[in-house]
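A structural walkthrough
One-letter residues, chain by chain:
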Amino acid sequence: MQEESKSTGTAQLDATIQALQGGNLAGLAPQAGSNIQSWISTLQHSNNGQLSGIASELERLNDALSGSTPDTMQVQQSLRTLGEHTTRAAESADPGSQDKVRQLGQALSAAASQIR
């Protein structure tokens, strides 16, 4: 059971990194809501209290993306904050996941700098 959860988490990390590095952030908006909700659920079910701050920021990002016109300033700030928090969280991540979590943090920070 735990191995299945770890495999799902790795797949979720890979998919998110790939999407963020794809360069088409505007194209991600339609599917962002369900992906963000999936991450919020994953983080809320972890035993790591540090991840609750990331889940809260994801909720802010989701709010900024909802509606007909996304709040680009809030999206940019949330991505930047998520990048910083995720990069720091990599230090306490499972050793097998540290590189991917660090890579996700860098992808989030890079995505924040692409928003204009």
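Above this text is the structure in question.
Remember, it's a predicted structure, so these values are computed and weren't measured experimentally. (Residues numbered from 1 in each chain as written. Predicted model: local features only at pLDDT ≥ 70, side-chain atom pairs only at ≥ 80, totals over all residues. Heavy atoms only, no water.)

**Things to note about the overall build of the protein chain**
Helix and strand counts for the protein chain come out as five helices and zero strands. Helices (α) and strands (β) of the protein chain occur, in sequence order from the N terminus, as α-α-α-α-α. Per-residue burial for the protein chain yields a buried fraction of 34% across its 116 residues. Across the protein chain, every contact between residues at least 6 apart in sequence was considered, and the portion connecting residues at least 24 apart equals 58%. Carbon and sulfur atoms make up 50% of the accessible area of the protein chain, which totals about 7,000 Å². (Helix = DSSP H or I, 4+ residues; strand = E, 2+ residues; numbered from the N terminus. Buried < 20%, exposed > 50% of the residue type's maximum accessible area, 1.4 Å probe, protein only. Contact = heavy atoms within 4.5 Å. Areas by Shrake-Rupley, 256 points an atom, 1.4 Å probe, with all protein chains shown as cover.)

**With respect to the nonpolar core**
Ranked by size, the top nonpolar core spans 27 residues in total, and within it Leu43, Ile54, Leu58, Leu61, Leu79 and Leu104 carry the most contacts. Those elements giving two or more residues to this core turn out to be helix H1 (2–21), helix H2 (25–44), helix H3 (51–65), helix H4 (72–89) and helix H5 (98–114). Dropping the residues within four chain positions of it, Leu104 is found in contact with Leu13, Thr16, Ile17, Leu20, Trp39 and Thr86. (Core = buried A, V, L, I, M, F, W, Y, C linked by side-chain atoms within 4.5 Å.)

**Brief notes about the environment of Gly96**
Looking at where Gly96 falls in the secondary structure, it is placed in the loop between H4 and H5. Put simply, Gly96 and Thr10 are 86 residues apart on the chain and 9.6 Å apart in space, counted from C-alpha to C-alpha.

**What to know about the pattern of salt bridges**
The tally for this structure, following the rule as stated, stands at four salt bridges. The partner of Lys100 in a salt bridge is Asp14, with the nearest N and O atoms 2.6 Å apart. Of the two residues, Lys100 is situated in helix H5 and Asp14 in helix H1; the sequence distance between them amounts to 86 residues. With a closest N to O distance of 3.4 Å, Glu91 and Arg102 form a salt bridge. Of the two residues, Glu91 sits in the loop between H4 and H5 while Arg102 sits in helix H5, which places them eleven residues apart along the sequence. (Salt bridge = Lys/Arg side-chain N within 4 Å of Asp/Glu carboxyl O.)

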